[in-house]
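Examination of the molecular architecture
Here's the letter readout for the chains.
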Amino acid sequence: MTSPAPYAIVLDDHPLVGRGMAQYLQSIAPQMPVSVATQWSEVLQLRSEKGDPAMLVADVWLAHGNCLPFLEQWVRDCPASPWIAVSGDDDPGIARRVRAAGARGFVHKQASPEQFGAALKAVMGGGQWFGPELATPPAAPAPKAWAVSPQELGLTPRQGDILRLILRGLPNKRIASELGITESTVKEHVTGILERLGVRNRVEAITALRGRRVELP
């Protein structure tokens, strides 16, 4: 494979988001063309056509699920092409997971553009960027919670499965991947769960169930 060419790849299955990140990257490095991919096969096609990129910015969760295995292989195949992980996943351990998979940086999708820019500059300069996520020590063990069944909450077993993952802070895409169902099905169940619990959103649901855990049969 050829040595890294002066271009970058942004991988995100939401085209508008991907293009936005690409435009911001180009504002940081105007001399570097940026190609946008929406699936992993497009990343491999770009690499085949243009050679190894100078950088890859990749969303950890795509439509098909978690792409960390592909990114781990990327590190082995393209050691001179660093990658930065971006994600909307609220799992507090996500930064550690992507670092273990070989990422040179991690930026949450709720971070400011300035943080994204700082991460890009750090990695382009040969450094790393993981923000405060890895500087924060692991949280103390959670206190014991009372077990409650889906039936006691007026939910179906499947809704109980989904609520349990909501209480862990997982987004719809990851819940769908964990349970092997579509994201639209998850959204339908979430609507039903919120109505049954008498709350308006996930935050209110988590607050309402504080001190309880969903225990499946």
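You'll find the structure just up there.
Along each chain, the written sequence defines residue order, and numbers are assigned to residues from 1. Two thresholds apply to this predicted model, a pLDDT of at least 70 for residue-level local features and 80 or more for giving and counting side-chain atom pairs, whereas whole-chain, interface and lining totals are computed over all residues. As a convention, hydrogens and water are excluded, and side-chain values are obtained from all of the structure's heavy atoms.

**Some remarks on the packing of aromatic side chains**
Between the rings of Phe, Tyr and Trp (Trp by its six-membered ring), a pair exists once the centres lie within 6.5 Å; its type follows the angle of the planes, with under 30 degrees stacked, over 60 edge-to-face, and the other angles tilted. Within the structure shown, the criterion is met by 3 aromatic pairs. Ring plane angle 40° and centroid distance 5.9 Å describe the contact between Tyr24 and Phe116, whose orientation is recorded as tilted. Placement of the pair is Tyr24 in helix α1 (residues 15-28) and Phe116 in helix α5 (residues 113-124), with a sequence separation of 92 residues. Here's how the labels work: a residue is buried when its accessible area is under 20% of the maximum for its type, exposed when over 50%, partly exposed in between, all with a 1.4 Å probe on protein chains only. Residue class for Phe116 comes out buried when judged on its relative accessible area of 8%. An angle of 80° between the planes, with centres 6.0 Å apart, marks the rings of Trp40 and Trp74 as edge-to-face. A helix here means a DSSP run of H or I that spans at least four residues, while a strand means a run of E at least two residues long, and both kinds are numbered starting from the N terminus.

**Side note on the environment of Ala95**
Its place among the elements puts Ala95 in helix α4 (residues 94-100). A residue is classified by how much of its surface remains accessible, and Ala95, at 1% relative accessible area, is buried. Measuring from C-alpha to C-alpha, the distance between Ala95 and Val107 comes to 8.3 Å, with 12 residues separating the pair along the chain.

**Re the environment of Gly117**
The topology assignment puts Gly117 in helix α5. Its relative accessible area of 3% is what places Gly117 among the buried residues. Note on definitions: a residue-residue contact is assigned when non-hydrogen atoms from the two residues lie within 4.5 Å. Those residues in contact with Gly117 that lie beyond four places of it in its chain are Tyr24 and Ile28.

**Things to note about the nonpolar core**
Here, the term nonpolar core denotes a set of buried Ala, Val, Leu, Ile, Met, Phe, Trp, Tyr and Cys residues that are joined through side-chain atoms within 4.5 Å. Grouped together as the largest cluster of nonpolar side chains are 26 residues, with contacts concentrated most on Leu11, Leu56, Leu71, Trp83 and Val98. Elements represented by at least two residues in this core include exactly β1 (5-11), α2 (40-50), β3 (53-59), β4 (61-62), α3 (68-77), β6 (83-87) and α4. In contact with Leu56, not counting residues within four places along its chain, are Ile9, Leu11, Trp40, Leu71, Trp74, Pro82, Trp83 and Ile84. Core analysis: the next-biggest nonpolar cluster, separate from the first, contains 19 residues, Val148, Ile175, Val186 and Ala205 among them.

**Focus: the packing of α2 against α3**
In this analysis, axes come from line fits to C-alpha atoms, helices being fitted only over the stretch in contact, and the angle between any two N-to-C directions falls in the range 0 to 180 degrees. Direction vectors running N to C along α2 and α3 enclose 15°, while the axes themselves pass 12 Å from each other. In terms of orientation, α2 lies roughly parallel with respect to α3. The handedness of the crossing between α2 and α3 is right-handed. Taking contact as the criterion, the partners of Trp40, Val43 and Arg47 in α2 are, on α3, Phe70, Leu71, Trp74 and Asp77. A per-class count over the contact of α2 with α3 returns 5 nonpolar, no polar and 2 charged. Roughly parallel means an angle under 35 degrees; roughly antiparallel, over 145; roughly perpendicular, 65 to 115; everything else is oblique. Each helix crossing is assigned a hand: it is left-handed if the near helix lies turned anticlockwise from the far helix by less than a right angle, otherwise right-handed if that turn is clockwise. Residues are sorted three ways: Asp, Glu, Lys and Arg are charged, Ala, Val, Leu, Ile, Met, Phe, Trp, Tyr, Cys and Pro are nonpolar, and all the rest, Gly among them, are polar.

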